[in-house]
Amino acid sequence: MFLLQPPQVRELSLFSAMPDEFRRPRRSDWADANRGGTPTDSFLEGPVLGDDGHLYLTDIPWGRVFRVDPQGRWSLVTEYDGEPNGMKFLDAGTLLITDYKNGLMQLNVASGRVTPFLARRNSERFKGVNDLVFDRAGNLYFTDQGQTGLHDPTGRLYRLTPDGRLDQLLGNIPSPNGVALSPDEKVLYLAVTRGNCVWRVPLLPDGSVSKVSQFFTSYGPSGPDGLAVDAQGRVLVANPGLGYLWVLNTRAEPVQVLRGPAGASITNLAFGGPERRTLFVTDSTHGRVMTAEMDVPGLPLARRG
């Protein structure tokens, strides 16, 4: 990678760590498959900010969703038989969850009740859905990752329209993960974890995609995960294998690198705060939420309701 200007390097700060009372340092089915059987007390993902200013997080191996208040205090919203990953608000009181085990699920944040939203496609289970984003027209884009990779490049990108039509936009992805939209919603950015890159997916007026390209190439043991876009159109990329968060300009050049602590797995991110200038970042291996103040606000996230 040749850069005319070196990126600014900044350190992420600790916002809050999961309290010991919620940690479960033992094996799980998810950890056996995804962490080599290592006892994993938690694995945080899916950060998203609610209208109440609280941060909501998933804990994949134990089927939990947490609420963290602005002072960093944790409470359990729900625990259920699932493996929740990405989350976005469907409406002000409902979270839509990509659940690896169950498909798309919805959570009433007031009651903690979890119910199916879209469990199957044409009676067939998904490989293992991962992350999601809404556009301003109410279309939902989500990834179906499963255990795909370079050995099995069959991961999928779907679009679910407000009237219930489900379109498979791509079916050849080696481990599709995070998704984010450009400010004009004409481009979808797609994290390809096992390909160690981010794809650029043009969204055409007729609903199709064409000329998908590789926008950014990373390196290391585990590639891009969660994505976000700011008001300047810069793409923010969580890179767990490096413990970095890349801030890329529109030419895919890193202009900032936000670093987690030693051994961190930086998996996902969300903008929050009064002007959406505060970045909240999950450090999944340590069960912590890191933070940084940004010079450019994040794009507001669309909802369906």
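Residues numbered from 1 in each chain as written. Predicted model: local features only at pLDDT ≥ 70, side-chain atom pairs only at ≥ 80, totals over all residues. Heavy atoms only, no water.

A.B. asks: Help me out: how do you make sense of the packing of aromatic side chains in this one?
C.D. replies: For any pair of aromatic rings, the description consists of the separation of the ring centres together with the inter-plane angle of the planes. Enumeration over the complete set of coordinates arrives at twelve aromatic pairs. Seen in terms of ring centroids, Phe15 and Phe280 are 5.2 Å apart; in terms of plane orientation they differ by 75°. Their pairing is edge-to-face. On the criterion of sequence distance, the pair formed by Phe15 in strand E2 (residues 13-17) and Phe280 in strand E26 (residues 278-283) is long-range, its members being 265 residues apart. Judged by its relative accessible area of 24%, Phe15 is partly exposed. (Phe/Tyr/Trp six-rings, centres within 6.5 Å; stacked < 30°, edge-to-face > 60°. Helix = DSSP H or I, 4+ residues; strand = E, 2+ residues; numbered from the N terminus. Buried < 20%, exposed > 50% of the residue type's maximum accessible area, 1.4 Å probe, protein only.)

A.B. asks: Where do I start with unusual backbone geometry in this structure?
C.D. replies: Glycine aside, residues mostly have negative phi, and peptide bonds are mostly found in the trans state. Positive phi, close to 85°, is recorded for Ser175, a residue that is not glycine. As for its placement among the helices and strands, Ser175 is situated in the loop between strand E16 (166-173) and strand E17 (176-181). Of note, the phi angle at Lys211 is positive, near 50°, even though the residue is not glycine. Among the structural elements, Lys211 can be located in the loop between strand E19 (197-202) and strand E20 (213-217). Residue Lys211 is classed as exposed on the basis of its relative accessible area of 75%.

A.B. asks: Would you mind going over the side chain of Arg24 with me for this structure?
C.D. replies: Note on placement: Arg24 falls in the loop between E2 and helix H1 (29-34). At 2.8 Å, the side chain of Arg24 and the side chain of Glu79 are in polar contact. In contact with Arg24, not counting residues within four places along its chain, are Thr40, Asp41, Trp62, Arg64 and Glu79. (Polar contact = N/O pair within 3.5 Å; in protein donor to acceptor, adjacent residues only side chain to side chain. Contact = heavy atoms within 4.5 Å.)

A.B. asks: Help me out: how do you make sense of the nonpolar core in this one?
C.D. replies: Core analysis: the largest hydrophobic core is formed by 16 residues, its most contacted members being Leu236, Leu245, Leu269, Leu279, Val281 and Met294. When contributions to this core are tallied by element, the ones reaching two or more residues are strand E22 (235-239), strand E23 (244-248), strand E25 (266-272), E26 and strand E27 (288-293). With three residues, the top contributor of residues to this core is E25. If near-sequence neighbours (up to four positions away) are discounted, Val281 is found in contact with Leu12, Leu245, Ile266, Asn268, Leu269, Arg288, Val289 and Met290. (Core = buried A, V, L, I, M, F, W, Y, C linked by side-chain atoms within 4.5 Å.)

A.B. asks: Please clarify how the layout of surface pockets should be interpreted in this entry.
C.D. replies: Gaps left between atoms are located by rolling a probe of water-molecule size over the structure's atoms. The computed volume of the largest pocket comes to approximately 840 Å³. Taken together, 43 residues form the lining of the largest pocket, with Phe271, Arg276, Leu299, Pro300 and Leu301 sitting closest to its centre. Among the elements that line the lining of the largest pocket, the one with the most residues is E25, at five residues. Of the residues contributing to the lining of the largest pocket, the split by class is 27 nonpolar, eight polar and eight charged. (1 Å grid on protein atoms, 1.4 Å probe; cavity = no way out; pocket = protein on both sides within 12 Å on 5 of 7 lines; lining within 4 Å. Points joined across faces, edges and corners; volume = space filled by probe spheres on them. Nonpolar A, V, L, I, M, F, W, Y, C, P; charged D, E, K, R; others polar.)

A.B. asks: I'm lost on the pattern of salt bridges in this one. Help?
C.D. replies: Once their charged atoms are close, side chains differing in charge can pair, the charge on each being opposite to the other. For the structure shown, the criterion picks out 19 salt bridges. The residue Asp131 makes a salt bridge to Lys88 at a minimum N-O spacing of 3.9 Å. On the criterion of sequence distance, the pair formed by Asp131 in strand E13 (residues 129-134) and Lys88 in strand E7 (residues 84-91) is long-range, its members being 43 residues apart. The burial state of Asp131 is the same as that of Lys88; both residues are buried. One salt bridge connects Arg136 with Glu185, and the closest N-O pair in it is separated by 3.4 Å. Note that Arg136 is positioned in the loop between E13 and strand E14 (140-144) and Glu185 in the loop between E17 and strand E18 (187-192), a separation of 49 residues in sequence. Each member of the salt-bridge network shares a partner with another, and the members are Asp20, Arg23 and Asp41. (Salt bridge = Lys/Arg side-chain N within 4 Å of Asp/Glu carboxyl O.)

Geometry only, nothing functional implied.
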